[in-house]
Amino acid sequence: MASVSLNSLLLRGARIIAPDRSVQQGAVLIEAGRIARVFDAAPSQPLAADSVIDLDGLTLFPGFIDVHIHGAVGVDTMTASADDLRRVGEFLARNGVAAWLPTLVPSPREQYERAISAISGFADSEKDPTEVGTLDTCHARILGVHYEGPFVNSEQCGALHREHFRTFSGNSDIDSLPTIKDESAVHMMTLAPEIQGGIELTRELRKRGWIISIGHTRASLDVLDQALAMGARHLTHFMNAMRPLHHRAPGPVGWGLLHDDVTCDLIADGIHIDPMMLRLILRTRTAERVSLISDAIAAAGLGDGNYEIWGEGISVKNGRTQNARGSIAGSVITMLDAVRMMSSLGASEVEVARMASTNPARVLGIDQDCGSIEEGKRADLVALDQDGNVRLTIVSGRVSEARP
């Protein structure tokens, strides 16, 4: 399919998953990369759109947003070039993802610098489109960067390498972390507030506009409350890499389940968390407070096998990752897989849209721009068929149809 530029595009006939409701046989008008109008039914009068795409029989969701992903299709965000990141973005778009946060593991400064340089280079090459159209491929947008660590608890390292973990002694420890210079870029950090200087770290990061998530942690309830007061309102891969729930020591899991002003994200692959526990979290937290993530590594999209990632061997067998220490080492799922899992457990389409799109955008503070199908928002959309397959992905108004 050749690249075609247009000024406007009408999507019609789909069931549209709008905030708090689904619209049967609705329509969406896209202009200049944005949603210009959402119709609850087919427009009674013909619209002056340059092109019309019939989505009869499909369901239109807001494009998924993955705030925690380390790579895919053989590309690791720690070693990727700008071209590599584009390749990951194309893979993600084919699986319904419109935007993502490349996620970095604890590493030496020079590796951080190389990764941030590639992310910045990719971002510099991107421009918001002033027209819409169809392309051979489109790719998910990079929103910024997610530092998973290095300020985390060595007793909850998971697959991360302890030798690169740090404590916080002053602002120079933050200054040493490379950042993306674009003012619109999101900077997110997963940290353990109980480490030395952890509360001061949380306070300073929030002052600088970072999004704070608690993870790889064994924090007490008192420390968690202090971190919340400093602006940490989210939990990274809930129940994984944190002290487990105990009836005499509820810890981060009990704290996260009870606080209505705290949200969490989940690796919904049925491996990191048993499906029954996913049901329990959905029932207790509700879809309003849950985001889906992939936590995918470079092996995602490549199938079972043995891979060299993060300087060690990681095997993938029946979709389960494992490093030499026997730990689960991230996942090989996509957000689409997570969406299918939560749907199979009884989540409604509206709830799935919240968890895969709206809530991640809200966590990052960009929900006024994207994350739901509403007029004025960025035209990031994905059309799924009845079997949950991606038939169409739209990123900022640019359309890529699924290939046979």
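Here, every reference points to the structure presented above.
The shown structure was predicted, so the numbers you read here are calculated from the model rather than taken from an experiment.

What follows deals with the environment of Asp50. Looking at the secondary structure, you find Asp50 in the loop between strand S6 (34-39) and strand S7 (51-54). When its relative accessible area of 44% is taken as the criterion, Asp50 is described as partly exposed. Measuring from C-alpha to C-alpha, the distance between Asp50 and Ala296 comes to 38 Å, with 246 residues separating the pair along the chain.

Another point: the packing of aromatic side chains. Two aromatic rings, taken as a pair, are described by how far apart their centres are and by the angle between their planes. In the structure shown here, the tally under the stated rule is 3 aromatic pairs. Where Tyr147 meets Trp210, the ring centres are 5.9 Å apart and the plane angle is 40°; that geometry is what we call tilted. In this pair, Tyr147 is assigned in strand S15 (residues 144-148) and Trp210 in the loop between helix H4 (198-207) and strand S17 (211-214), connecting sequence segments 63 residues apart. You'll find Tyr147 and Trp210 in the same group, each marked buried. Summarising the aromatic geometry, the rings of Phe151 and Phe168 are spaced 6.3 Å apart at their centres and angled 85° between planes, so their arrangement reads as edge-to-face. Residue Phe151 is found in the loop between S15 and helix H3 (172-175), and its partner Phe168 is found in the loop between S15 and H3; the two are separated by 17 residues along the sequence. Here the aromatic residues Tyr112, Tyr147 and Trp210 are joined through ring pairs into a cluster of three or more.

With that settled, consider the sheet that holds S6. Picture the strands of a sheet paired through backbone hydrogen bonds; they go either parallel or antiparallel. With mixed pairing, 4 strands are arranged side by side in an open sheet as S6-S5-S2-S7. Looking along the sheet, the strands with just one partner apiece sit at the ends: S6 and S7. In this sheet, neighbouring strand axes are inclined to one another by 20° on average, regardless of whether the strands run parallel or antiparallel. Two strands pair when backbone bridges link them, and strand S5 (residues 27-31) and S6 are joined in this way by 5 bridges, in the antiparallel orientation. By the bridge assignment, Ala27 is partnered in S6 with Phe39.

So, on to the packing of helix H5 (residues 221-229) against helix H6 (residues 251-258). At a minimum axis distance of 9 Å, the contact between H5 and H6 shows a crossing angle of 50°. In terms of axis orientation, H5 runs oblique to H6. The chirality of how H5 crosses H6 is right-handed. Contact residues: Leu221, Leu224, Asp225 and Leu228 in H5; Gly251, Pro252 and Trp255 in H6. Looking at the contact of H5 with H6, its residues break down into 5 nonpolar, 1 polar and 1 charged.

A full pass over the atoms with the stated rule returns 19 salt bridges. For Glu155, the salt bridge goes to Arg218, with nearest N and O atoms at 3.7 Å. Placement of Glu155 in the loop between S15 and H3 and of Arg218 in the loop between S17 and H5 is noted, with a sequence separation of 63 residues between them. Glu155 gets classed as exposed once you look at its relative accessible area, which sits at 58%.

Moving on, we come to the sheet that holds strand S23 (residues 320-323). The strand order across the open sheet formed by 3 strands is S21-S22-S23, and the pairing between neighbours is antiparallel. The open sheet terminates on both sides in strands that have one partner only, identified here as strand S21 (305-309) and S23. Strand-to-strand, the axes of this sheet are offset by a mean angle of 30°, without reference to chain direction. As judged from the 4 bridges shared by strand S22 (residues 312-317) and S23, these two strands associate in the antiparallel manner. Along S23, the bridge assignment pairs Ile314 with Asn323.

Definitions and cut-offs
Residues numbered from 1 in each chain as written. Predicted model: local features only at pLDDT ≥ 70, side-chain atom pairs only at ≥ 80, totals over all residues. Heavy atoms only, no water. Helix = DSSP H or I, 4+ residues; strand = E, 2+ residues; numbered from the N terminus. Buried < 20%, exposed > 50% of the residue type's maximum accessible area, 1.4 Å probe, protein only. Phe/Tyr/Trp six-rings, centres within 6.5 Å; stacked < 30°, edge-to-face > 60°. Pairing = 2+ DSSP bridges. Axes fitted to C-alpha atoms, helices over the stretch in contact; angles between N-to-C directions. Parallel < 35°, antiparallel > 145°, perpendicular 65-115°, else oblique. Left-handed = near helix turned anticlockwise from the far one by under 90°. Contact = heavy atoms within 4.5 Å. Nonpolar A, V, L, I, M, F, W, Y, C, P; charged D, E, K, R; others polar. Salt bridge = Lys/Arg side-chain N within 4 Å of Asp/Glu carboxyl O.

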